[in-house]
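In case you want the letters, here they are:
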Amino acid sequence: MELLQTNRSVLENTEEFKRLFHGRGGLYDGLRHLTVDHVNENILSVALYFNEENEAQLLEMLTTFAANEKYETLVVQRRYEKGAPSEIIFGEVPQDLTILENGMRLKLNLLSNRNSYYFPDMKNGRSFVREHSKNKHVLNLFSYTCAFSVAAKFGDAKSVVNIDMSKGALKIGMANHSINKLDPKGVSFLPYNILKSFSAIKKKGPYDLIIIDPPSFQKGSFEATKDYEKIIKKLPQLAAEECTLLACLNSPELESAFLIEMIERWAPSFHFQKRLANLPEFASIDEEKSLKNLLFTRV
C-alpha cells in the first residue's frame with residue numbers, strides 16, 4: 001500500500017496512464033501475479049495473473065486505496081480464469097475510454113477478455129518512433145491497434161503502412177488516428193498475413209523505418225522461434241539503403257542475443273546499435289526476461 005501511495009503521489013500528470021505497481025517483474029515477494037495501473041485520475045485498473053489465497057484481502061486493500069485516492073472506478077481482471085473476465089468493483093467504465101500518452105489519445109478496453117488495445121510497456125518504443133519519423137516512409141509490422149503509426153504521424157512521417165491479420169485491430173487503429181485528428185493521407189491499414197504477403201508489402205516500399213513487434217506466440221499465425229527468421233530474411237528487400245529497424249521481442253524465454261545473432265546472419269547490412277531502455281516502472285529482476293526493443297541501422 002505504501003509503494004502505491006508513493007507512486008500515486010509523484011505522478012506528474014494524473015491524466016496520463018501510469019503503472020503504479022508491477023509485480024510481474026519479480027521484485028516483490030509473493031506479488032508476481034499483481035499489476036496496478038493508474039488509467040487516469042478517475043480509474044484504477046488491477047490485473048491478477050494467478051489465484052492466490054490472499055486475493056480477498058488484497059482486493060480489500062486495493063479497494064481502500066482506490067477510495068482514499070479519490071478514484072471513481074476500480075476494475076479487476078482475473079487473467080487466470082477462463083476468458084480472463086473483468087469485474088467492476090465500483091464505479092463505471094466509459095464506453096469510449098481512451099488513455100493519454102505524451103499527448104496522444106489511444107483507445108482502451110478495460111472490459112475486454114483479451115488484450116486491452118494498449119500495451120503501456122512499449123511507451124519508450126513509441127517515443128523513439130515519434131522522434132525518428134520525420135519525412136520517413138514507415139512500415140509497421142504486426143501493427144495491432146496502430147499505436148506506433150499514431151506516434152509516427154505525430155512525428156511527421158511521410159507515410160505509414162500498417163500490417164496486421166486482424167481487421168478488428170486495424171479498425172481500432174483507424175479510430176486511434178481519427179481520435180487524434182491525424183491526416184489519413186499516406187496511412188494504410190492492410191489486413192495481410194505478413195508471412196504470405198512480402199510481395200505486396202514490398203510494392204509499397206522501400207521503407208526508411210521498419211518496426212517489427214510480433215506476438216511471441218499466436219497459434220496458427222506466428223511463433224517467434226521459427227517465424228521471426230522468415231521476416232528478417234526479407235528485410236534487405238523491404239528496406240531503403242539507409243534504414244532504421246526497431247525489432248521487438250517480449251518473450252521471457254528468448255534473450256536479446258536471439259535477435260541480434262539472427263540479424264547478423266540473415267540481414268548483415270543491418271548493424272545493432274542498442275537496446276532501448278524499458279520504463280522504470282516495469283523493472284524486472286531479470287531484464288532479459290522483460291520487453292526487448294532492439295535498434296539496428298542500415299547505412
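To be clear, the structure that these remarks concern was listed above.
Everything quoted here is computed from the prediction, not taken from an experiment. (Residues numbered from 1 in each chain as written. Predicted model: local features only at pLDDT ≥ 70, side-chain atom pairs only at ≥ 80, totals over all residues. Heavy atoms only, no water.)

### Quick look at the overall build of the protein
Tallying secondary structure elements over the protein gives eight helices and 16 strands in all. Whereas a compact globule of 299 residues would reach a radius of gyration of roughly 19 Å, the protein reaches 20 Å, a difference of no more than 12%. Counting only C-alpha atoms and orienting by the principal axes, one finds that the protein spans roughly 55 × 40 × 35 Å. By element, 48% of the accessible surface of the protein is carried by carbon and sulfur atoms, the whole surface being about 14,800 Å². Once the 38 positive and 38 negative side-chain charges of the protein are each reduced to a mean point, those two points are 10 Å apart. (Helix = DSSP H or I, 4+ residues; strand = E, 2+ residues; numbered from the N terminus. Rg over C-alpha atoms; globule rule 2.2 N^0.38 Å. Areas by Shrake-Rupley, 256 points an atom, 1.4 Å probe, with all protein chains shown as cover. Lys, Arg positive; Asp, Glu negative; His and termini not counted. Charge placed at Lys NZ, Arg CZ, Asp CG, Glu CD.)

### A look at the nonpolar core
By size, the foremost hydrophobic cluster in this structure holds 33 residues, and its most contacted members are Leu 139, Leu 141, Ile 210, Ile 212, Tyr 228, Leu 245 and Phe 270. Among the secondary structure elements, those contributing two or more residues to this core are strand E8 (137-141), strand E9 (159-163), helix H6 (198-203), strand E11 (207-212), helix H7 (224-238), strand E14 (239-249), helix H8 (256-266) and strand E16 (292-298). The leading source of residues in this core is H7, at six residues. In this structure Leu 141 touches Ile 163, Ile 194, Ile 201, Ile 211, Ile 212, Asp 213 and Ile 231, once residues within four positions along its chain are discounted. With 17 residues, the next largest nonpolar core counts Phe 21, Leu 58, Phe 65 and Tyr 71 among its residues. (Core = buried A, V, L, I, M, F, W, Y, C linked by side-chain atoms within 4.5 Å. Buried < 20%, exposed > 50% of the residue type's maximum accessible area, 1.4 Å probe, protein only. Contact = heavy atoms within 4.5 Å.)

### A short note on the packing of aromatic side chains
In total, this model carries seven aromatic pairs according to the counting rule given. Ring centres 6.3 Å apart and planes at 45 degrees place the aromatic pair Phe 65 and Tyr 71 in the tilted group. For Phe 65, a relative accessible area of 1% gives the class buried. Ring centres 5.5 Å apart and planes at 40 degrees place the aromatic pair Phe 119 and Tyr 144 in the tilted group. (Phe/Tyr/Trp six-rings, centres within 6.5 Å; stacked < 30°, edge-to-face > 60°.)

### Description of the pattern of salt bridges
By the definition in use, this model includes 12 salt bridges. Two residues, Lys 226 and Asp 227, come together in a salt bridge whose shortest N-O distance is 3.5 Å. The exposure class assigned to Lys 226 is partly exposed, which follows from its relative accessible area of 48%. One salt bridge connects Lys 230 with Asp 227, and the closest N-O pair in it is separated by 2.9 Å. Separated by three residues within a single helix, Lys 230 and Asp 227 lie in helix H7, roughly one turn from each other. Judged by its relative accessible area of 3%, Asp 227 falls in the buried class. (Salt bridge = Lys/Arg side-chain N within 4 Å of Asp/Glu carboxyl O.)

### Quick look at unusual backbone geometry
Pro 206 follows Gly 205 through a cis peptide bond whose omega is 0 degrees. Tracing the backbone shows Pro 206 in the loop between H6 and E11. Here Phe 142, not a glycine, exhibits a phi torsion of approximately 60 degrees, which is positive. Looking at the secondary structure, you find Phe 142 in the loop between E8 and helix H4 (147-154). For Asp 156, which is not glycine, the phi torsion reads 70 degrees and is therefore positive. Here Asp 156 shows up in the loop between H4 and E9.

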